[in-house]
Amino acid sequence: MPESIMPKPLKALLQSWDRFWFSRFDPISVSIFRIFFGFLILLTFLCSFPNWERFYAADGIISLHDAALNAKRPPEDLWCTFSWTEGFFPIKVYGWIGIIAAFAFMVGWQTRLAAAILYVLQTSMIHRNLLIVNGEDLTYRMFLFYACFSPLNDCLSVDCWLKQKREGPKAVQKDFPSIWAIRAMQINVLLIYVISVPNKLLNGIAWRNGEAIYWFMASNLWGRGWFTELFYRANGIVSKIATYGTIAIEASFPILVWFRKTKLLAITMITLLHLGIAVFIPNVTFFTLSMACAFWIFVPAASTRHFLQRLPYVKECHPLIP
Amino acid sequence: MLNIFTVLYTNRPVNLVNPVFQRLSHSFSPQTAYQFRLGAWLIERYAYLAGLDNRWVMFSWHNRFNWWNVITAQYGKGPAESKRIVLPLAFQSPRTFWQQLQDFKEAKFHLNIYNDPIGREAYSRYLCRQYPVHDDQPVEAITFERHYQIILEPAQARLYKTHLHPTKASYILNTFPCPNR
């Protein structure tokens with residue numbers, strides 16, 4: 001339908017849709033996301049490297065040579081690159097590839113290629129051994145999928161620096177990139193809370209009566225055994241505050257993050273929540289820190305620039321603000 | 001939009017949606033019903049490949065008891081010669097700082113094999129290969145012992161001034177003989 005005969009409300013809706021999905025944006029904040037997220041993936045690979053053969057080798061926990069374990073192997077070896085090269089080189093080579101790709105991703109060198117390699121590697125790790133899949137494996141895979149389409153190397157990256165050297169300073173002063181891939185990532189992150197909060201309230205009575213945090217702190221799996229008595233003394237008031245506070249922060253974040261006045265407060269609160277989870281709850285550290293990294297994609301570019309204004313390279317990166 | 005729809009589809013409340021869908025499919029022709037099932041499979045396949053097939057039900061449920069596995073290996077045959085050794089694994093032996101850093105996947109691994117006898121069998125076979133001999137005795141079997149301890153309700157914890165029941169219990173979960181023994 002030509003725009004000239006379109007009803008005004010429909011025209012306004014389409015324009016809003018276009019602005020929401022395809023406007024140009026200053027990529028400084030998503031570059032910070034890339035640096036933190038890349039560092040986290042690098043750390044994860046370094047920590048898991050000593051166990052690489054145990055987890056993923058042909059003679060590891062899920063042995064490829066044992067027919068009795070066929071039920072434990074995923075049927076689609078096509079999606080596991082480890083099986084393509086089985087017997088050609090040791091599995092630890094993939095560990096090294098992961099470490100190099102994570103470093104390249106972090107510093108922003110051949111960023112999309114590094115993201116694609118990490119995505120394929122992460123998918124292969126999940127397919128190879130489902131028994132050791134943890135929360136961070138799934139969130140890494142999700143973020144890496146979006147990273148393959150996102151302009152994460154437009155700022156604060158080796159790619160950007162090399163482009164400047166090759167084509168001159170004006171090369172990085174061109175149009176800002178389109179936001180569509182980042183929007184998809186943002187909405188996916190928000191959906192996590194939109195889905196998990198009702199699940200918590202419907203399925204977990206402890207979330208409704210304020211005892212959830214007590215059960216976490218008392219658990220040997222999810223608590224460190226620190227100050228457990230704090231969470232049941234005084235009628236469990238500390239547990240109630242922590243439980244209802246968690247629900248309030250997680251439920252309000254998907255809404256408040258879209259308004260300029262409440263955006264930074266919502267991001268700060270949810271980041272502090274996840275950092276608190278990283279400190280108090282073991283075994284989910286990398287998962288919760290990956291979520292904390294992801295909140296950078298919501299931070300307004302102007303705030304990031306203000307925060308980093310002393311760094312000279314930041315001013316050279318996309319200095320034209322639309 | 002495809003990704004958003006995929007995430008929403010993966011996290012649909014299955015107890016509500018699936019019965020409705022099954023009822024509706026009875027009023028379709030077999031071909032139409034097949035097309036719907038094919039569409040659902042394609043979405044699930046895309047979710048699986050793109051890494052969007054996670055169900056976000058994090059921490060909805062809580063354990064009301066602490067539990068842990070103790071994995072032991074039996075070396076030597078017969079009551080005179082056999083010895084049961086607690087294997088030097090995460091959560092059941094002293095760990096250095098670097099080992100603790102590397103153990104970040106262990107808790108989820110134990111959670112994943114909690115209700116998975118085939119997973120425990122796979123792990124036992126691996127342990128047979130990793131710890132084949134002790135004091136010149138070959139390994140005969142790997143045993144999984146489940147230990148647990150009840151966590152008291154908050155009101156009980158206030159009364160008894162502790163959050164854990166004093167009694168710890170255990171039982172033998174599985175004993176897997178090592179292959180070629």
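What counts as what
Residues numbered from 1 in each chain as written. Chains lettered and ligands numbered in written order. Predicted model: local features only at pLDDT ≥ 70, side-chain atom pairs only at ≥ 80, totals over all residues. Heavy atoms only, no water. Salt bridge = Lys/Arg side-chain N within 4 Å of Asp/Glu carboxyl O. Helix = DSSP H or I, 4+ residues; strand = E, 2+ residues; numbered from the N terminus. Buried < 20%, exposed > 50% of the residue type's maximum accessible area, 1.4 Å probe, protein only. Expected span 1.5 Å × (residues − 1). Phe/Tyr/Trp six-rings, centres within 6.5 Å; stacked < 30°, edge-to-face > 60°. Lys NZ or Arg CZ within 6 Å of the ring centre and 35° of its normal. Axes fitted to C-alpha atoms, helices over the stretch in contact; angles between N-to-C directions. Parallel < 35°, antiparallel > 145°, perpendicular 65-115°, else oblique. Left-handed = near helix turned anticlockwise from the far one by under 90°. Contact = heavy atoms within 4.5 Å. Nonpolar A, V, L, I, M, F, W, Y, C, P; charged D, E, K, R; others polar. Disulfide = S-S within 2.5 Å. Buried area = accessible area lost by both parts, 1.4 Å probe. Polar contact = N/O pair within 3.5 Å; in protein donor to acceptor, adjacent residues only side chain to side chain. Core = buried A, V, L, I, M, F, W, Y, C linked by side-chain atoms within 4.5 Å.

Our focus in this paragraph is the pattern of salt bridges. Close approach of charged atoms lets side chains of opposite charge pair. Following the criterion strictly, the structure yields nine salt bridges over all chains and no others. A salt bridge links R54 of chain A to E106 of chain B; its shortest N-O distance comes to 2.6 Å. With R54 of chain A in helix α3 (residues 52–56) and E106 of chain B in helix α6 (residues 106–112), this residue pair bridges two chains. The residues R54 of chain A and E106 of chain B share a single accessibility class, namely buried. Among the ionic pairs, D59 of chain A bridges to R129 of chain B, the shortest N-O distance being 3.6 Å. One end of the pair, D59 of chain A, is in the loop between α3 and α4 (81–84); the other, R129 of chain B, is in helix α7 (residues 117–130), on a second chain. Relative accessible area serves as the criterion here: at 38%, D59 of chain A is assigned to the partly exposed category.

For helix α9 (residues 180–203) of chain A, built from 24 residues, the straight-helix expectation of 34 Å at 1.5 Å per residue is met to within 8% by its first-to-last C-alpha distance of 34 Å. In terms of burial, α9 of chain A is a largely internal element, 18 of the 24 residues being buried.

Summed over the entire model, instances satisfying the criterion amount to 38 aromatic pairs over all chains. With centroids separated by 5.6 Å and ring planes inclined at 80 degrees, the aromatic side chains of F37 of chain A and Y140 of chain A adopt a geometry described as edge-to-face. A residue pair is termed long-range when its members are at least 10 positions apart, and F37 of chain A in helix α2 (residues 28–48) and Y140 of chain A in helix α7 (residues 135–147) qualify at 103 residues. Given the relative accessible area of 0%, F37 of chain A is considered buried. Take Y140 of chain A: its relative accessible area is 1%, and that puts it in the buried class. Here the aromatic rings of F37 of chain A and F143 of chain A are separated by 5.6 Å at their centres, their planes lie at 85 degrees, and the arrangement is edge-to-face. With a gap of 106 residues between them, F37 of chain A in helix α2 and F143 of chain A in helix α7 connect regions that are remote in the sequence. The ring centre of W207 of chain A lies 5.2 Å from the NZ or CZ of K200 of chain A, which sits over that ring. The ring of W215 of chain A carries R64 of chain B above its face, with NZ or CZ at 4.1 Å from the centroid.

Time to look at the packing of helix α13 (residues 260–280) of chain A against helix α14 (residues 285–294) of chain A. Residues and elements named next belong to chain A. Here α13 crosses α14 at 165 degrees, and the two axes come no closer than 9 Å. One way to sum up the angle between α13 and α14 is to call them roughly antiparallel. Considering the relative orientation of α13 and α14, their crossing is left-handed. Of α14, the residues touching α13 (which contributes T271, H274, L275, I277 and A278) are T285, T288, L289, M291 and A292. Tallied by class, the residues present in the contact of α13 with α14 amount to six nonpolar, four polar and no charged.

All names here are of chain B. Under the definition given, this model contains one disulfide over all chains. The residue that forms a disulfide with C128 is C178, at a sulfur-sulfur distance of 1.9 Å. Here the S-S torsion is close to -75 degrees, and the disulfide linking C128 with C178 is therefore left-handed. Highlighted residues: C128 in helix α7 and C178 in the segment after β5 (164–177), separated in sequence by 50 residues. For C128, a relative accessible area of 8% gives the class buried. Owing to a relative accessible area of 4%, C178 belongs among the buried residues under this scheme.

So, about the packing of α7 of chain A against α14 of chain A. All names here are of chain A. Packing of α7 against α14 brings their axes to within 7 Å, and their N-to-C directions diverge by 30 degrees. Between α7 and α14, the angle falls in the class roughly parallel. The two elements α7 and α14 cross, and the hand of that crossing is left-handed. Taken together, the residues of α14 that come into contact with α7 (itself represented by G135, E136, T139, Y140 and F143) are F286, F287, S290, M291 and A294. Each residue belonging to the contact of α7 with α14 can be placed in one class, and the counts come to six nonpolar, three polar and one charged.

For Q110 of chain A, which is not glycine, the phi dihedral falls at a positive 50 degrees. Secondary-structure assignment places Q110 of chain A in the loop between α5 (92–107) and α6 (111–128). Overall, Q110 of chain A belongs to the partly exposed group, its relative accessible area being 40%. Here the phi dihedral of F91 of chain B falls at roughly 75 degrees; this positive angle occurs in a residue that is not glycine. Inspection of the secondary structure puts F91 of chain B in the loop between β2 (83–86) and α5 (97–102).

A separate point is the side chain of T123 of chain A. Residue placement: T123 of chain A occurs in helix α6. Beyond its immediate chain neighbours, meaning those up to four positions away, T123 of chain A contacts W79 and R141 of chain A.

This paragraph deals with the interface of chain B and chain A. Taken together, the 55 residues of chain B in the interface contact 70 residues of chain A. Roughly 5,800 Å² of surface becomes buried between chain B and chain A when both sides are summed, with 62% attributable to carbon and sulfur atoms. Taken together, chain B and chain A are joined by four salt bridges. The interface formed by chain B and chain A contains 16 residue pairs in polar contact (both at pLDDT 80 or more). Of all the elements in the fold, those that place two or more residues in the side of chain B that touches chain A are α1 (2–10), α3 (30–50), β1 (65–75), α5, α6, α7 and α8 (154–160) of chain B. Broken down by element, the residue count for the side of chain B that touches chain A peaks at seven residues, all from α7 of chain B. Here the residues of the side of chain B that touches chain A sort into 30 nonpolar, 13 polar and twelve charged.

Take the nonpolar core next. General note: in soluble globular proteins, nonpolar side chains tend to be found buried as a group. With 118 residues, the main nonpolar core has F253 of chain A together with Y123 and I142 of chain B as its most contacted residues. Looking at this core, the element that brings in the most residues is α9 of chain A, giving eleven residues. Excluding anything up to four places from it in sequence, I142 of chain B contacts I71, T72, A73, L87, S124, L127, C128, N174, T175, F176 and C178 of chain B. Grouped together as the second largest cluster of nonpolar side chains are six residues, I28, I32, A301 and L308 of chain A included.

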